[in-house]
Amino acid sequence: GKITNITGTQLDKLINDGIKGVIFTGGGEPFLFTRLEDLVYHATERGADSVAYTNGNCISERRIKKLIEAQPLLVRVSLNCGTKSVYNQFHNPSDENGSFERCLKTIEYLAQGSLANPKMSVGIGVVINKINQDKEVIFDMGEEFLNITISGKCHTIAWPVVVESKDIFQNF
């Protein structure tokens, strides 16, 4: 729907002042804001490039479809590992029995949707730290995950974090 609240007004002001793009992120999950996909659509409609970050747990299939229709350039999902047990240790989710699966399902929906949106890419965010620094834990995501990522335009984005002055790249 049309954005008429203060957030939309501020977004309009930024676009009118000449910004070329907007990254929708936060110190938590941006999709807790229930109309985020509408803001992405609004920014894109006004000619600004849009990028959205998510942990993949607070966005329904219906909202993912709306987000894809909003035509962001990139949607990055923070996965950070390839197993449920490490995911739970890394993210400390409130629902340890469904969060990892919801994150994978979000990646799958976005990957499929990216095929209909030639401008959109899907990024899988991986922050490397002491919890997931073993490369097998990060990249051994199994056949199911490979099937998800080849169903659309996906790529992995990794950020190393220095941990206790240990060179975490020694295993790579």
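Thresholds, definitions, all that
- Residue positions are given per chain, counting from 1 as you read along its sequence in written order.
- For a predicted model such as this one, the threshold for reporting local features is a pLDDT of at least 70, and the threshold for listing and counting side-chain atom pairs is 80 or more; totals across whole chains, interfaces and linings nevertheless cover every residue.
- Water and hydrogen atoms were dropped before computing side-chain values, which therefore reflect all heavy atoms in the structure.
- For the purposes of this entry, the term helix denotes a DSSP run of H or I that reaches at least four residues, the term strand denotes a run of E that reaches at least two, and both are numbered from the N terminus.
- Only protein chains enter the accessibility calculation, which uses a 1.4 Å probe. A residue is then buried if its area is under 20% of the maximum for its type, exposed if over 50%, and partly exposed in between.
- Should any heavy atoms of two residues lie within 4.5 Å, those residues are considered in contact.
- Note on areas: Shrake-Rupley with a 1.4 Å probe; residue coverage comes only from the protein chains shown.
- Ring pairs are drawn from Phe, Tyr and Trp, using the six-membered ring of Trp, whenever the two centres fall within 6.5 Å, and their geometry is named by plane angle: stacked under 30 degrees, edge-to-face over 60, tilted for the rest.
- A ring is scored as having a charge over it whenever the NZ atom of a lysine or the CZ atom of an arginine sits within 6 Å of its centre and within 35 degrees of its normal.
- Space inside and on the surface of the protein is sampled on a 1 Å grid over the protein atoms alone, with a cavity defined as a set of points where a 1.4 Å probe fits but cannot get out and a pocket as an open set with protein on both sides within 12 Å along at least 5 of 7 lines; lining residues have an atom within 4 Å of a point.
- Grid points are joined across faces, edges and corners, and a volume is the space filled by probe spheres set on the points.
- Axis definition: a line fit to C-alpha positions, over the contact stretch in the case of helices; interaxial angles, taken between N-to-C directions, run 0 to 180 degrees.
- Left-handed is the label given to a crossing in which the near helix is rotated counterclockwise from the far helix by less than a right angle, and right-handed is the label when the rotation is clockwise.
- When residues are sorted by character, Ala, Val, Leu, Ile, Met, Phe, Trp, Tyr, Cys and Pro go into the nonpolar class, Asp, Glu, Lys and Arg into the charged class, and all the rest, Gly among them, into the polar class.
- Helix span, as expected, comes to 1.5 Å for every residue beyond the first.

J.: Can you help me understand the overall build of the protein chain in this one?
T.: Looking only at helices and strands, the protein chain has seven helices and five strands in total. Helices and strands in the protein chain line up, N terminus first, as α-β-α-β-α-β-α-α-β-α-α-β. Within the span of the protein chain, comprising 172 residues, buried residues form 44% of the whole. The contacts in the protein chain between residues at least 6 apart in sequence include a share of 74% that link residues at least 24 apart. Working note: accessible area of the protein chain is about 9200 Å², and carbon and sulfur atoms make up 53% of it.

J.: Is there a simple way to explain the environment of glutamate 61 in this structure?
T.: Within the element layout of this structure, glutamate 61 appears in helix 3 (residues 61-69). Glutamate 61 gets classed as partly exposed once you look at its relative accessible area, which sits at 36%. Distance from glutamate 61 to threonine 106, taken between C-alpha atoms, is 7.6 Å for residues 45 residues apart in sequence.

J.: What is the right way to read the packing of aromatic side chains from this model?
T.: Pairs of aromatic rings are described using the distance from one ring centre to the other and the angle between the two planes. One pass over the structure, following the stated rule, counts one aromatic pair. For arginine 76, the ring lying beneath its charged end belongs to tyrosine 53, and the centroid distance is 3.9 Å.

J.: Help me understand the layout of surface pockets in this model?
T.: Any empty space left between atoms is shown by rolling a water-sized probe over those atoms. If you add up the space inside the largest pocket, you get close to 260 Å³. In this structure, the largest pocket is lined by 17 residues; those nearest its centre are Gly28, Glu29, Thr54, Asn55 and Ser78. Of all the secondary-structure elements, those providing two or more residues to the lining of the largest pocket are strand 2 (49-54), strand 3 (74-78) and helix 4 (84-91).

J.: Mind showing me how you'd approach the packing of helix 3 against helix 5 (residues 99-114) here?
T.: Helix packing geometry: the angle between the two helix axes and the distance between the axes. Packing of helix 3 against helix 5 brings their axes to within 10 Å, and their N-to-C directions diverge by 35°. Considering only the axes of helix 3 and helix 5, their crossing is right-handed. Mapping the contact onto sequence places Glu61, Ile64, Leu67 and Ile68 in helix 3 and Thr106, Tyr109, Leu110 and Gly113 in helix 5. In terms of residue class, the contact of helix 3 with helix 5 is built from five nonpolar, two polar and one charged.

J.: So what exactly am I meant to see when it comes to helix 5 here?
T.: What sets the pattern is the α-helix's 3.6 residues per turn: residues three or four places apart point alike. Given a rise of 1.5 Å per residue, 16 residues ought to cover 22 Å, and the 22 Å separating the end C-alpha atoms of helix 5 matches this to within 8%. Among all positions of helix 5, only Ser99, Phe100, Cys103, Leu104, Thr106, Ile107, Leu110, Ala111, Gly113 and Ser114 are buried.

J.: For this particular structure, what's the right way to read unusual backbone geometry?
T.: With the exception of glycine, the majority of residues adopt a negative phi angle, and the majority of peptide bonds are in the trans configuration. Even without glycine at this site, asparagine 80 takes up a positive phi of about 70°. Since its relative accessible area comes to 3%, asparagine 80 is described here as buried. The backbone phi angle of asparagine 92 is positive, close to 50°, even though this residue is not glycine. You can see asparagine 92 is positioned in the loop between helix 4 and helix 5. For asparagine 92, a relative accessible area of 60% corresponds to the exposed category.

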